[in-house]
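# Fold and geometry: a report
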Number of protein chains: 2
Amino acid sequence: MQIAARIEGALERAVAQAQGPGAPPLLASALQYAVFPAGHRIRPQLCLAVAQACGDPDPIASDAAAVAIELMHCASLVHDDLPCFDNADLRRGKASVHVEFGEPLAVLTGDALIVHAFATLGALARQNPSRMATLIGIIAESVGAPHGIVAGQAWECEVAVPLSDYQRAKTGALFVAATTAGAAAAGHDAAQWRTLGEKLGEAYQVADDLRDVLCDAEELGKPIGQDAMRLRPNAAAELGVGGAKVHLEGLVRAAVASIPECPGAVELRALIQAQTTLFFPKQLARVAA
Amino acid sequence: MQIAARIEGALERAVAQAQGPGAPPLLASALQYAVFPAGHRIRPQLCLAVAQACGDPDPIASDAAAVAIELMHCASLVHDDLPCFDNADLRRGKASVHVEFGEPLAVLTGDALIVHAFATLGALARQNPSRMATLIGIIAESVGAPHGIVAGQAWECEVAVPLSDYQRAKTGALFVAATTAGAAAAGHDAAQWRTLGEKLGEAYQVADDLRDVLCDAEELGKPIGQDAMRLRPNAAAELGVGGAKVHLEGLVRAAVASIPECPGAVELRALIQAQTTLFFPKQLARVAA
């Protein structure tokens, strides 16, 4: 099965469980709205690509890992868009959850998605409780405090922000979760896959910074120029567009070089090289380094 | 060790982990503020009381269950107090988290507490992954959608609310988690302990309804008369204060009667009977049935 179809199927089954009989109807609708239709699904694709490179002997575990990571990502988007944070009206090209369903349901949708990510992993217990435990540890670390995406968002509330801590937590943590959980779900050593997640997370952040400067809102699916408006650090603003492009290409090379030996290493290296260009802004092809 | 001291110790260790080196300082402070000083700790006390009645052979597991339940409860208080829900300025006799730290940190504090509850359970994996898996299933069900406290809060966003679904999810779910997780942490059959949690949850809800009508804000530690103001269902308003008192006493009797055979059944029955009067409003002693 193609990875994309596999991810959508697994997400549909997971969200349907949270919407199960007796759920408040508006919450059930908001959960659907927050997860579908698909965004780029970069993190779960990365998770499954790593699992497949490791032979993917336990696709139920790797599906659960991919689903948990994407549900966490969707939860973070719903909460980050709230009026008290980015106050973003637009997300993935449609009204954000609080605009469509109101703030209370947006808060609760994020909460329910976080819980359901863990519930999805917990359901793995029947077949392999110790693998499930490893995955829960990886996902909790990448989302919570002190170093996960929640902590990353909390750095925006501080006056003095250590830039590397901020970016590592805000963007990098879920990429690290994707690579390490993909490996762990396949029974491989998670630690060896950490650098791949870190480098790709940093590359994604630089690409996002470039998009915030270069793109139009239609391509981006959300408002542009947000970093400058919110005085957030932006690599393109610091290094210039050309400098940021060079940095980005270096990160992708480092990511590819970090892939450890595994049955599908050659294919994964080619895939990462090809896929990363997909999240480069279209305009970047026209920028000379 | 006294249950109360055991709970505070376990909570302090758990929160310290989330505040670990590198955490954003304000988030770390808000986590402390949201969990300490102690509220009544009714749910973790119930969890440990059930575990002890079952012999408590694995206190690390029962501590983790009690901590996870209280962190979830604290998270729900922080999010429920937000301006978009109850807009409550006062909680446990002090400024609520969003008043003290601002809305963004209040949202993130709730998120981080939810994640850390699962992280605390996940850390049990080293000693007993299958017991951990049972506990994660219990906690996830009691907090998420379709039937947990998040769903209970979401019922407040609906026009038509099935009252029993609402109260079972909003208040009952975490009491059921407390009794069933306490039993499961001690290796007993969780299902047998469900009725105790349901009856105590319902009793607590009726007592809370009575407090909302009878108490002053100082005893309650939060504003009174909120249900009438928000058109929320209230047992004291529906049955009258005398009728609600009779209902409450019946629920406590049913709770005590439901306790299954276990090594400490006699002591637990006496404890439940004594403890439940602690969450009755003081003024209730003066009300004739």
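This report concerns the structure included in the present document. Every chain's residues receive numbers from 1 upward, in the order its sequence appears when written. Note on labels: chains are lettered from A, ligands numbered from 1, in written order. Note on the predicted model: pLDDT of at least 70 is required for a residue's local features to be given, and 80 or more for side-chain atom pairs to be given and counted; whole-chain, interface and lining totals, by contrast, use all residues. Note that water and hydrogens are dropped before the side-chain values are worked out from all heavy atoms of the structure.

### Focus: the packing of helix α1 (residues 3-18) of chain B against helix α2 (residues 25-35) of chain B
Residues and elements named next belong to chain B. Where α1 contacts α2, the axes come no closer than 9 Å and their chain directions differ by 160°. The orientation of α1 with respect to α2, classified from their angle, is roughly antiparallel. For the element pair α1 and α2, the recorded crossing hand is right-handed. Contacts from Leu11, Val15 and Ala18 in α1 reach Leu31, Gln32 and Val35 in α2. Orientation is described by axes fitted as lines to C-alpha atoms, over the contacting stretch for helices, and by angles from 0 to 180 degrees between their N-to-C directions. Only DSSP runs of H or I with at least four residues qualify as helices, and only runs of E with at least two residues qualify as strands; both kinds are numbered from the N terminus onward. Roughly parallel covers angles under 35 degrees, roughly antiparallel covers those over 145, roughly perpendicular covers 65 to 115, and oblique covers all other angles. Crossings are classed by handedness, with left-handed meaning an anticlockwise turn of the near helix from the far one by less than a right angle and right-handed meaning a clockwise turn. Residue contacts are defined here by distance: any two heavy atoms, one from each residue, within 4.5 Å place the two residues in contact.

### Regarding the side chain of B:Ser76
Residue placement: B:Ser76 occurs in helix α4 (residues 59-80). Any pair of N or O atoms that falls within 3.5 Å is considered a polar contact. Within protein, one atom must be able to donate a hydrogen and the other to accept it, and sequence-neighbouring residues count only if both atoms are side-chain atoms. A distance of 2.8 Å separates a polar side-chain atom of B:Ser76 from the backbone oxygen of B:His73.

### Quick look at the relation of the copies chain B and chain A
For the pair of chain copies, the relating transformation is a rotation about an axis with a translation along it. Under the fitted operation, chain B is carried onto chain A by 0.0 Å of movement along the axis and a turn of 180°, and the coordinates agree to an RMSD of 0.0 Å. This pairing of chains is accounted for by a two-fold axis. In terms of C-alpha distance to the rotation axis, chain B has B:Pro129 as its closest residue, with the C-alpha 2.7 Å off the axis. Most of the interface of chain B is mirrored in chain A, where 100% of its interface residues are also at the interface. Copies are brought into register by a least-squares superposition over C-alpha atoms of residues with pLDDT of at least 70 in both.

### Quick word on the pattern of salt bridges
Pairing between side chains of opposite charge can happen when the charged atoms of each approach one another. Residue and element names in this part refer to chain A. The working definition used for a salt bridge is a side-chain nitrogen of Lys or Arg within 4 Å of a carboxyl oxygen of Asp or Glu. The full count for this structure, using the stated rule, is 26 salt bridges over all chains. One salt bridge in this structure joins Arg92 and Glu70, with 3.2 Å as the shortest N-O distance. Of this pair, Arg92 sits in the loop between β1 (90-91) and β2 (94-95) while Glu70 sits in helix α4 (residues 59-80), and the two are 22 residues apart along the sequence. A simple rule labels every residue: compare its accessible area, found with a 1.4 Å probe on the protein chains alone, to the largest value its type can have, and call it buried under 20%, exposed over 50%, or partly exposed in between. You can call Arg92 partly exposed: its relative accessible area is 30%.

### Some details on the interface of chain B and chain A
Counting residues at the interface gives 47 residues for chain B and 47 residues for chain A. Both faces considered, chain B and chain A share a buried interface measuring about 3800 Å² in area, 79% of it formed by carbon and sulfur atoms. Our count for the chain B to chain A interface comes out at zero salt bridges. Applying the counting criterion to the chain B and chain A interface returns six residue pairs in polar contact (both at pLDDT 80 or more). Taken together, the elements giving at least two residues each to the side of chain B that touches chain A come down to α1, α2, α6 (103-122), α7 (129-143) and α8 (149-155) of chain B. Counting residues per element, the side of chain B that touches chain A draws most heavily on α6(B), which supplies 13 residues. In this count, Pro and Cys sit with the nonpolar residues alongside Ala, Val, Leu, Ile, Met, Phe, Trp and Tyr, while Asp, Glu, Lys and Arg are called charged and the others, Gly among them, polar. When the residues that make up the side of chain B that touches chain A are grouped by side-chain class, the tally is 34 nonpolar, ten polar and three charged. Summed over both partners, buried area is the accessible surface (1.4 Å probe) that two parts give up on being assembled.

### Overview of unusual backbone geometry
A cis geometry characterises the amide bond from B:Phe36 onward to B:Pro37, with omega recorded as -10°. Looking along the chain, the bond that leaves B:Ala145 and enters B:Pro146 is cis, with omega of 10°. With respect to the secondary-structure elements, B:Pro146 resides in the loop between α7 and α8. The phi angle at A:Asp56 is positive, at roughly 45°, despite the residue not being glycine. Mapped onto the secondary structure, A:Asp56 falls in the loop between α3 (42-53) and α4. Under the relative-accessibility criterion, A:Asp56 is labelled buried at 13%.

### Looking at the packing of helix α3 (residues 42-53) of chain B against helix α9 (residues 163-185) of chain B
All names here are of chain B. Packing of α3 against α9 brings their axes to within 7 Å, and their N-to-C directions diverge by 30°. On the basis of their axis angle, the class for α3 and α9 is roughly parallel. Pair α3 / α9 crosses with right-handed handedness. Within the contact between the two elements, α3 uses Ile42, Arg43, Leu46, Cys47, Val50 and Ala51 and α9 uses Leu174, Phe175, Ala178, Thr179, Ala181, Gly182 and Ala183. Considered class by class, the residues forming the contact of α3 with α9 number ten nonpolar, two polar and one charged.

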